[in-house]
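# Remarks on the overall topology
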Amino acid sequence: MSEPIFDYIIIGAGTAGCLLANRLSANASKRVLLIEAGRKDDYHWIHIPVGYLYCIGNPRTDWLYNTEPDAGLNGRQLRYPRGKVLGGCSSINGMIYMRGQARDYDQWAKLTGDDTWTWDNALPYFKLHEDHYNGGDALHGARGVASDLLPPNGNEYQKVLRHRKAGGEWRIEKQRLRWDILDAFSQAAQQAGVPASDDFNRGDNEGVGYFEVNQRNGWRWNTAKAFLRPTCYARPNFEMWTGTQVAKLVVETQAGADGTQQRCTGVQVWSGTELVTVQCRGEVILSAGSIGSPQLLQLSGIGPSAFLRDKGVNVVYDLPGVGENLQDHLQIRSVYKVKSPDGKDISLNTQANSLLGKAKIGLEYLFKQTGPMSMAPSQLGAFTRSSPDQPYPNIEYHVQPLSLDAFGEPLHNFAAFTASVCNLNPTSRGSVHIKSNKFTDAPAIAPNYFSTAEDKQVAADSLRVTRKIVSQSALAKYQPEEFKPGLQYQTDEELAKLAGDIATTIFHPVGTAKMGLRHDPMAVVDSRLKVHGIAGLRVVDASVMPLITSGNTNSPTLMMAEKAAEWITKDAENR
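So, a few notes on the structure that sits alongside this text. (Residues numbered from 1 in each chain as written. Predicted model: local features only at pLDDT ≥ 70, side-chain atom pairs only at ≥ 80, totals over all residues. Heavy atoms only, no water.)

## Remarks on the packing of helix α5 (residues 119-127) against helix α15 (residues 554-574)
Direction vectors running N to C along α5 and α15 enclose 95 degrees, while the axes themselves pass 9 Å from each other. By the criterion of interaxial angle, the relationship of α5 to α15 is roughly perpendicular. Together, Asn-121, Ala-122, Tyr-125 and Phe-126 of α5 and Ser-555, Pro-556, Met-559, Glu-562, Lys-563 and Glu-566 of α15 make up the contact between the two elements. Residues belonging to the contact of α5 with α15 are distributed by class as follows: 5 nonpolar, 2 polar and 3 charged. (Axes fitted to C-alpha atoms, helices over the stretch in contact; angles between N-to-C directions. Helix = DSSP H or I, 4+ residues; strand = E, 2+ residues; numbered from the N terminus. Parallel < 35°, antiparallel > 145°, perpendicular 65-115°, else oblique. Contact = heavy atoms within 4.5 Å. Nonpolar A, V, L, I, M, F, W, Y, C, P; charged D, E, K, R; others polar.)

## Quick look at unusual backbone geometry
Following Arg-229, the chain continues into Pro-230 via a peptide bond in cis, with omega recorded as -5 degrees. Tracing the sequence through the fold places Pro-230 in the loop between α8 (223-228) and β10 (238-242). Residue Pro-485 follows Lys-484 across a cis peptide bond; omega there is 5 degrees. Locating Pro-485 in the fold gives a position in the loop between β22 (481-484) and α14 (492-502). Here the phi dihedral of Asn-217 falls at roughly 55 degrees; this positive angle occurs in a residue that is not glycine. Here Asn-217 is to be found in the loop between β8 (215-216) and β9 (219-220).

## Things to note about the packing of helix α13 (residues 453-470) against α14
It is the contact of α13 with α14, at a shortest axis distance of 8 Å, that shows an interaxial angle of 95 degrees. Taken as axis vectors, α13 and α14 run roughly perpendicular relative to one another. Residue-level contacts link Lys-456, Gln-457, Ala-459, Ala-460, Leu-463, Arg-464 and Arg-467 of α13 to Asp-492, Leu-495, Ala-496, Leu-498 and Ala-499 of α14. Looking at side-chain class alone, the contact of α13 with α14 contains 7 nonpolar, 1 polar and 4 charged residues.

## Re the environment of Ser-293
By the secondary structure assignment, Ser-293 is in helix α9 (residues 289-299). Relative accessible area serves as the criterion here: at 0%, Ser-293 is assigned to the buried category. Separated by 115 residues in the primary sequence, Ser-293 and Arg-178 have C-alpha atoms spaced 39 Å apart. The residues contacting Ser-293, other than those within four sequence positions of it, are Leu-286, Ser-287, Ala-288, Val-539, Asp-541 and Ser-543. (Buried < 20%, exposed > 50% of the residue type's maximum accessible area, 1.4 Å probe, protein only.)

## Concerning the nonpolar core
Ile-9, Leu-228, Leu-249 and Val-267 are the most contacted members of the largest nonpolar core, which has 83 residues in total. For this core, the element with the most residues is α15, which contributes 9 residues. (Core = buried A, V, L, I, M, F, W, Y, C linked by side-chain atoms within 4.5 Å.)

## Comments concerning empty space enclosed by the protein
For the structure shown, the criterion picks out 1 cavity of 30 Å³ or more. What the largest cavity holds in volume is close to 190 Å³. In terms of lining, the largest cavity is formed by 19 residues, of which the most central are Asp-328, Leu-330, Asn-423, Pro-426 and Asp-455. Within the residue set of the lining of the largest cavity, elements represented by two or more residues are β16 (330-337), β19 (416-423) and α13. In terms of residue count, α13 provides more of the lining of the largest cavity than any other element does, 4 residues in total. (1 Å grid on protein atoms, 1.4 Å probe; cavity = no way out; pocket = protein on both sides within 12 Å on 5 of 7 lines; lining within 4 Å. Points joined across faces, edges and corners; volume = space filled by probe spheres on them.)

So this is what it looks like as structure tokens:
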């Protein structure tokens, strides 16, 4: 390790951290340190899209968290994957490019009192790093597009990016496969009243169609490839430590113009052999994710004071909201057995159930980077309403040409497809709390799924929507038969209990360090992501979302990081 004094220290080389490292190190006069607890992303299964099966639950790439027993899940615990590797969750996630709905961001603006978060003001910051396969237009960005993407007050930041040839790093492509059974499901959804869609990222994602994915030519495209290599590695002012876990933030009381203030002046890191204190003369940026960020804040004495004292942590600043407001998307998986009308393979279950089938799949990917090994975990998506009285699409489908009992277990030995449905806007709230004052101890993750009557009703209604879609004529030739959950479950009570028995997370935790107004007792950061009461410290990751987005959460996190990079850069110029 080099002399540990930096202008910016970024904790976590995940989705947000890699983009921030790229943008902040563009200024050659600023020394930037990026710290990652995991290893480099040189594990081959990270880069082969189907390799998520071998990355989740693998200590090489995953923190291996589990939830606490959950009453809403009838006492079950869930595996809770979080990326512990360069690229973070972008190295192990489903690769789906999804922004959510315009109303999500307009709600953020209302909750924070800051119009910078409206959909119209967020859109340029999505486009700034996009490299969309269709090129740049009013809704999408592309590599090399020279049009002005930022509003007038953002032009200086854009000039910096252009000078450094930044922008357009985040590749978005069409999937390199199709399945007859998925096409039939899409047609059935349309027959059930869901319109066709060729773009879920226009602000209103209602519709059915194939997901776009973060891949390049059939390979996973993670944030380490997009933002670190080779750009940051070639910069002498950039340094990266992997296999190094931050144990604590260093916060000091300093004299200021308005009296004393608390300021984050560095971090303590465990290198594997020693505890090192690293000093920061600018800003410490916490990008450890919705589990890691609240955990580190609490370990550093920033959080609910009574709780911290109970865990043997000296209180630095009382912030009751740290670790609260946990929100997540919980999917309910319906499995349908199907029959081939012409004897051909219609499901990955049957295609992959022999050595010959596996060999064909492997050879197709080896020579073409197409086929099942290029698959994202879910290929077909749909957004619709769980009931006619819903004012906007409030459920999302992830549809797959396969089935299994549980994630990581073998495929069934019969042809089938899975239609997983999730409540996009759950009202249940959970928490993330440290179990002790030791940074090596995993925190307690308590999502509190199905803890509200609204969420139980949406669960029951969404299963009925699934049945409605599958009953349409477009799927009739496949003779779909409900294998899970089973037609014997019909009433609201039966379906809600059933959802608790079979539902699983889709790994979208957010909200545990939410942004909000200063008088909001549960707000942890302000609308510019600065931690309330602690100077020199920001949180930039999905934990700051006050409300979960109506879709997958990776892309919104990148947008937030892009905004934060501009604010951090401007603040440094004004100091």
